[in-house]
Amino acid sequence: MTAERRRTQRRNSLTNIISAASGRIRTSVSTGNRFIILARNLSSRTKFDSDGTNSDGHTTNTDKSVTYSSTRGCSTQKSISFRSAVMRGLAHDRGLFVPDSFPTVSPEELESWRGLNYADLATEVIGKFVQEDEVPRDILAGIVKKSCAAFRSEEVTPLVKVDGHYILELFHGPTFAFKDVALQMLGNFFEYFLSTGSNGGRLAVLGATSGDTGSAAIYGLRGKKGVDCIILFPTGRVSEIQERQMTTVPDDNIHCVSVDGTFDDCQDIVKASFADEEFRDHVKLGAVNSINWCRVLAQTTYYFWSYLRVTDLEKDVKKVNFSVPTGNFGDILAGYYSKRMGLPVGDLIVATNENDILHRFFRKGEYHRRNIQKTISPSMDICVSSNFERYLFHLSGDDSSTLASWMSAFESTGKLTITGDLLSKAQADFKSAKCDTTQTLETIKNYHTKDDYMLCPHSATGVSALHQLNTADSATVALATAHFAKFGDACSKAVTPLPEIPKELSQLWSMETRKSQCPNDAKVVQKFMERKIEERIEKHEKQIEKKNFVKHLVLVSIALGAVTVVVSAIRRR
């Protein structure tokens, strides 16, 4: 064989090998493309299912979820889906979303839930509002289980008996406060809705906190894809440990802003931002405060849980009373809604500190705004309860016109007064009691001395209220809304030395903090938000570019490696 013929055979062999390799590459690419197309189709199908419609736009299930309408009656804010209510937070007419109907739980159904663990029970309760047309049941169960897994107690909210009555411990979540129950769920609902088409996959959360909401929101939203979280808190009006819980979180989608003013000033900035249509739509604004319906719904679950646990132990109890430390009214409103669903609830007791606008309303019908007093229970230092509008709507007979006129008058004068039958109805729905600082410290000291049990200042107001109303018995549950260690300075005025605090809280003192400062000005806060969102998006895009570049390098390396193998094979021939 001549040298020229051998060279020709080598060239032909090389051509065949490269052709075969190219065919395999094309086949692989084609297969990969088919896989990508299939994945996209499955994703699209998930989006349709999550919205409750198929490709023709028809519902996929005959069981319909509860819809929601604004308390203020705007025609464009009626019959809104659960998904939309959660993503919007505040209605565009500045009202709050309320259920258009209330599902009921029969005694038989309630009894059938008795053996369920917390996550499964919560899935059943939430599932009464959220049917398959909104969230497939297996996904709903997954969201709830993931949320409950963040708690240190297997029971999530364990019930203990102290001094003849029960205490529901709501402080076993990541931030040691009751708001973890709702905000873990809200964060996971946000994540699901964004991944299935809502808001183009982007959400900017703006929240105001008097202490506990901020850290609970941050821990529920940290690292969530597509979510920016900006939390406003009043300078010097949250406990040091509450501030550290917020400001030690390093995730780049979290921003803590100290505002010169009170909690109500922070809340006013949030409401003004939602009322600013251009800003709201530009940043894809969402809410984590208890104005968001999802939070109230999530909180109903522990009323059902504690009722079942009390009646496990107290066979003669037919109805359970609840005493609730109350600031923004969301927590006790969840109890009111549970009662409307059919849960056998007796008295709902509103417990306040010196900032007693709610106590004055239920005692005399006077919802009159006053200046905030700084107390040792700062999460309740609120003079306007943002969730109270929902109850006023129901008190008006679900009449949005009446409610809108009430709120308009209140916003202009700072006063709303009811009398006669309306006041009698309100007093039938709720009882109330005020607990001042002296009573709070006495309650903390007495329970530690007699029962070796530590209450936080907020929880102590609830316990004091049930004693004031002579309901400290085995049919009554006081909600313990936070761990005492979050308010060590206040508790040390009643108990010294304090019991050892959890390591999760003690380690906060050695961690770096970061926060921003803004004046009490909505426009300044909005510009801050826009800048931080743009910075994060730009950073995210650069990260994507870097990943794509690395992918490109890997593909080039693979290709070069394949060529090297081919050349080596030819040379061996």
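Here, every reference points to the structure presented above.
Residues numbered from 1 in each chain as written. Predicted model: local features only at pLDDT ≥ 70, side-chain atom pairs only at ≥ 80, totals over all residues. Heavy atoms only, no water.

Engineer: Please clarify how the side chain of Q526 should be interpreted in this entry.
Structural biologist: Within the fold, Q526 resides in helix α21 (residues 522-572). Accessibility expressed as a relative area gives 6% for Q526, which makes it buried. Excluding residues that lie within four positions of it along the chain, Q526 makes contacts with A272, S273, D276 and F279. (Helix = DSSP H or I, 4+ residues; strand = E, 2+ residues; numbered from the N terminus. Buried < 20%, exposed > 50% of the residue type's maximum accessible area, 1.4 Å probe, protein only. Contact = heavy atoms within 4.5 Å.)

Engineer: Would you take a moment to explain the pattern of salt bridges for this structure?
Structural biologist: Oppositely charged side chains can pair when the atoms bearing their charge come close. If you walk through the whole model with that rule in mind, you get 25 salt bridges. Note that K425 is salt-bridged to D429, the shortest N-O span being 3.4 Å. Here K425 and its partner D429 are both found in helix α16 (residues 420-429), four residues apart, which amounts to about one turn of the helix. Owing to a relative accessible area of 36%, K425 belongs among the partly exposed residues under this scheme. Since its relative accessible area comes to 18%, D429 is described here as buried. Via salt bridges that share partners, R72, R94, E389 and E411 belong to a single interconnected network. (Salt bridge = Lys/Arg side-chain N within 4 Å of Asp/Glu carboxyl O.)

Engineer: Hey, could you run me through the sheet that holds strand β9 (residues 320-325) in this one?
Structural biologist: Strand pairing in a sheet relies on backbone hydrogen bonds. The paired strands run either parallel or antiparallel. With mixed pairing, six strands are arranged side by side in an open sheet as β3-β4-β14-β9-β10-β13. Two strands bound the open sheet, and with one partner strand each, they are β3 (159-162) and β13 (431-434). Taking each pair of neighbouring strands and ignoring which way they run, the sheet shows an average axis angle of 25°. In the sheet, strand β10 (residues 345-352) pairs with β13 via four bridges, with the strands oriented parallel. By the bridge assignment, I349 is partnered in β13 with K431. (Pairing = 2+ DSSP bridges. Axes fitted to C-alpha atoms, helices over the stretch in contact; angles between N-to-C directions.)

Engineer: Is there a simple way to explain the packing of aromatic side chains in this structure?
Structural biologist: By the definition in use, this model includes 30 aromatic pairs. Seen from their ring centres, F361 and Y367 are 6.1 Å apart, and the 85° between their planes marks the pair as edge-to-face. Looking at F361, the relative accessible area reads 0%, which means it is buried. Residue Y367 is classed as buried on the basis of its relative accessible area of 2%. The residue whose ring lies beneath R152 is F176, and the NZ or CZ to ring-centre distance is 3.6 Å. The ring of Y219 has R222 sitting right over it, with the charged end atom 5.5 Å from the ring centre. (Phe/Tyr/Trp six-rings, centres within 6.5 Å; stacked < 30°, edge-to-face > 60°. Lys NZ or Arg CZ within 6 Å of the ring centre and 35° of its normal.)

Engineer: Explanation requested: the packing of helix α11 (residues 293-313) against helix α12 (residues 330-341) in the structure shown.
Structural biologist: Packed helix pairs are specified by the crossing angle of their axes together with the interaxial distance, meaning the distance between the axes. Close contact between α11 and α12 brings their axes to 8 Å; oriented N to C, the two are set at 65°. Relative to α12, the element α11 is oriented roughly perpendicular. Here α11 and α12 pass one another in a crossing that is right-handed. When α11 is examined against α12, the residues W293, V296, Q299, T300, Y302, Y303 and F304 are found in contact with a partner set consisting of G330, D331, I332, L333, A334, G335, Y337, S338 and M341. Looking at side-chain class alone, the contact of α11 with α12 contains ten nonpolar, five polar and one charged residues. (Parallel < 35°, antiparallel > 145°, perpendicular 65-115°, else oblique. Left-handed = near helix turned anticlockwise from the far one by under 90°. Nonpolar A, V, L, I, M, F, W, Y, C, P; charged D, E, K, R; others polar.)

Engineer: How should unusual backbone geometry be read in this particular structure?
Structural biologist: As a rule of thumb, non-glycine residues mostly have phi less than zero, and peptide bonds are mostly trans rather than cis. The peptide bond linking T496 to P497 adopts the cis configuration, its omega dihedral lying at -10°. Within the secondary structure layout, P497 lies in the loop between α19 (488-491) and α20 (503-506). Non-glycine residue N199 carries a positive phi angle of around 60°. Mapped onto the secondary structure, N199 falls in the loop between α6 (179-195) and β5 (203-208). Located in the positive-phi region is N470, a residue other than glycine, with phi close to 55°. Checked against the element boundaries, N470 lands in the loop between α18 (457-468) and β14 (476-480). Classification of N470 as exposed rests on a relative accessible area of 69%.

Engineer: What exactly am I supposed to notice about the nonpolar core here?
Structural biologist: In summary, soluble globular proteins display a tendency toward joint burial of nonpolar side chains. Judged by nonpolar contacts, the single largest core of 112 residues is most densely connected at F82, F329, F361 and Y391. Ranked by residues supplied to this core, first place goes to α11 with twelve residues. Ignoring any residue separated from it by four or fewer positions in sequence, one finds F82 in contact with V66, Y68, V130, E134, F189, F193, W293, C294 and L297. Grouped together as the second largest cluster of nonpolar side chains are 28 residues, V162, I444, Y447 and V463 included. (Core = buried A, V, L, I, M, F, W, Y, C linked by side-chain atoms within 4.5 Å.)

Engineer: Can you walk me through the environment of V525 in this structure?
Structural biologist: In this structure, V525 sits in helix α21. Between the C-alpha atom of V525 and that of I269, which follows or precedes it by 256 residues, the distance is 7.9 Å. Residue contacts for V525: discarding those within four places in its chain leaves L206, L232, I269, C518 and P519.

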